[in-house]
Amino acid sequence: MDKDSRTLRMEFFRRKIPEYRKNPVLFANEVVNFEPDEWQKDALMDLAEDSKVAIKSGQGVVLKQWHYCGSCAAIHTQEL
């Protein structure tokens, strides 16, 4: 990736991070290209309010996708 592309990407995320912090579902859709189920949307929005969220049950790929999405949101929404 050349320097101009990297700079444009960083600027894009600087503008989008405040939105992603308020709406992790938007992050899931735009960055991870993942459409969460309704319960996953609820859990992601709970993460926007508090970083400690408990999930009663989950299994297999669905839980892994949700965890991946939540982890990416946490990483990408840290202060730059």
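Some details on the packing of aromatic side chains
Throughout the structure, instances matching the rule amount to three aromatic pairs. Summarising the aromatic geometry, the rings of Phe 12 and Phe 13 are spaced 5.4 Å apart at their centres and angled 80 degrees between planes, so their arrangement reads as edge-to-face. A residue is classified by how much of its surface remains accessible, and Phe 12, at 34% relative accessible area, is partly exposed. An aromatic cluster is present here, built from Phe 12, Phe 13, Tyr 20 and Phe 27 joined pairwise through their rings.

Quick look at a negative patch on the surface
There is a patch of like negative charges on the surface, built from Asp 37, Glu 38, Asp 42, Asp 46, Glu 49 and Asp 50. Relative to the elements of secondary structure, Asp 42 occurs in helix α3 (residues 38-49). Assessed through its relative accessible area of 44%, Asp 42 is described here as partly exposed.

Basis of the calculations
- Residues numbered from 1 in each chain as written.
- Predicted model: local features only at pLDDT ≥ 70, side-chain atom pairs only at ≥ 80, totals over all residues.
- Heavy atoms only, no water.
- Phe/Tyr/Trp six-rings, centres within 6.5 Å; stacked < 30°, edge-to-face > 60°.
- Buried < 20%, exposed > 50% of the residue type's maximum accessible area, 1.4 Å probe, protein only.
- Patch = residues over 30% accessible without salt bridge, like charges linked within 9 Å, V, L, I, M, F, W, Y side chains within 5 Å.
- Areas by Shrake-Rupley, 256 points an atom, 1.4 Å probe, with all protein chains shown as cover.
- Salt bridge = Lys/Arg side-chain N within 4 Å of Asp/Glu carboxyl O.
- Lys, Arg positive; Asp, Glu negative; His and termini not counted.
- Charge placed at Lys NZ, Arg CZ, Asp CG, Glu CD.
- Helix = DSSP H or I, 4+ residues; strand = E, 2+ residues; numbered from the N terminus.

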